[in-house]
Amino acid sequence: MGCSTAYLGLELLMLGDDQSRTGATPMPVNRHPRLLAAGITYRDLVISGIGQLPALGEERYGTDFVATWGGIANTARIAASLGARVQLLTGLGDDLNSQVCRRELIDWGIDLAPSPINPGWALPVTMSQACGTERAMTTVETALPVPFPAPSLDGVDAVITHVSIPADAWLYEAADAGIPVIADHGFEEGQESGVLEAVSGCTCYTPNAAEAMRLTGTDDPVRAARALAEHVPVVIVTCGGDGIVGVDSRTGEEVHVPAVAIDPVNTTGAGDATVAGLAWSWEWQVSLARKLDVAALVGAIVTSRAHGTTDPLTPEDLLAWVPRDPERFEFLAELLR
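All chains use their own residue numbering, which begins from 1 and follows the written sequence. Only residues with pLDDT of at least 70 are given local features in this predicted model, and only at 80 or more are side-chain atom pairs given and counted; all residues enter the totals for whole chains, interfaces and linings. In computing side-chain values, all of the structure's heavy atoms are included and hydrogens and water are not.

The name given to the protein in an unreviewed UniProt entry is Carbohydrate kinase, and the organism recorded there is Cutibacterium avidum ATCC 25577.

**Section: the pattern of salt bridges**
Any carboxyl oxygen of Asp or Glu within 4 Å of a side-chain nitrogen of Lys or Arg constitutes a salt bridge here. Applying the stated criterion across every chain yields a total of nine salt bridges. For Asp219, the salt bridge identified is with Arg223, shortest N-O distance 2.7 Å. Whether a residue is buried, partly exposed or exposed follows from its accessible area with a 1.4 Å probe, protein chains only, as a fraction of its type maximum: under 20%, in between, or over 50%, in that order. Overall, the relative accessible area of 42% leaves Arg223 in the partly exposed class. The shortest N-O distance in the salt bridge between Asp248 and Arg250 comes to 3.0 Å. Look at Asp248 and you get buried, because its relative accessible area is 4%. One network of salt bridges, with partners in common, ties together Asp219, Asp220 and Arg223.

**Quick look at the sheet that holds strand β4 (residues 85-89)**
What the eight strands build is an open sheet, ordered β4-β1-β9-β10-β11-β12-β13-β14; its pairing is mixed. Looking at the sheet topology across the chains shown, the edges are occupied by β4 and β14 (253-257). DSSP calls a pair of strands paired once it identifies at least 2 bridges connecting them. We count a stretch as a helix when DSSP gives it H or I for four or more residues in a row; a strand needs E for two or more, and each element gets its number in order from the N terminus. Bridge count between strand β11 (residues 204-205) and strand β12 (residues 234-238): two bridges; the pairing is parallel. Among the inter-strand pairings, Cys204 is bridged to a residue of β12, identified as Val234. Here a residue-residue contact requires only that any non-hydrogen atoms of the pair lie within 4.5 Å. Only the contacting stretch of a helix is used when fitting its axis, a line to C-alpha atoms as for every element, and angles between N-to-C directions run 0 to 180 degrees. Across the sheet, helix α3 (residues 72-82) touches β1 (34-38), β4 and β9 (158-162), and the angle it forms with β4 is around 165 degrees.

**Concerning the sheet that holds strand β2 (residues 41-48)**
Spatial strand order, β3-β2-β7-β8: four strands in an open sheet with mixed pairing. Here the strands that pair on one side only, and so sit at the sheet edges, are β3 (64-71) and β8 (134-140). Averaged over all pairs of adjacent strands, the angle between their axes in this sheet comes to 20 degrees, without regard to strand direction. Bridge analysis of β2 against strand β7 (residues 125-131) gives five bridges, and the strand direction is parallel. Looking across to β7, one finds that Leu45 is bridged to Met127.

**Description of unusual backbone geometry**
Here the amide bond leading from Ile165 into Pro166 is cis, since omega sits at -5 degrees, within 30 degrees of zero. By the secondary structure assignment, Pro166 is in the loop between β9 and α5 (169-176).

As structure tokens, then:
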């Protein structure tokens, strides 16, 4: 069931911190938060512009190809291009892909000091074929030989993580210390046991609709979000073309923001980009709906580009969209001017 259908009857709460609706002078926002991104990085080889995904034994042609860095590196790159100061805790090997990855991410201004090098280990590789809103992926991956070391959290404004099972203890310590921990864990092909336990110690969980419904045994993304919010303070359920559902059990906010109307070209990494937009705007003094508007816009712009998360995405790119839907996005011009 799509989010647009499931949303019927859900009250959209627009609370008083939404300056663009009240006419109050907007509070300044931190455009350069310090974010720590933690998770696995992949070498992504992406073909986009395919009219139909090939069947076995069939050859199809795309319109574009890009070699990039996926996984948590997607989120790190988009957050950095938006202006965040990003530290990345990821696994790197001594293979050629790891060497090139390290050099290119440093060129993006990402701090790789927390990331250890694992001799003899090779960076995972994913081949992705993007077809409209769908994609098919094949990955070659071996597990990291040792867990990530606990990073320094001094000065960190928020943590973004592709959480492992079981989750690293330092994530819970960060959340307990008041540092927002935004967690994701994908299991599109099946439900991995222990997911709920892993994310329950975090501040925010960002599953897609299928994952949320499978995890809660519901047939409705809204009910799934509400059920998950009994375990995690903030739940953000991404629903593709049906937008984003958010439930904040701390404030009582329940929102459903629509998707941004775009022609999808390359959805690889769109979810990671959406989370980057959420983390970038996490501490803004605006309603949850406005933060989800930012996240939806970031994900949409990335999805509309053949190179997806490979291309930088700046606040100016977001502001360029304001005239297309001023009622929804004028608040960005007020906050970012």
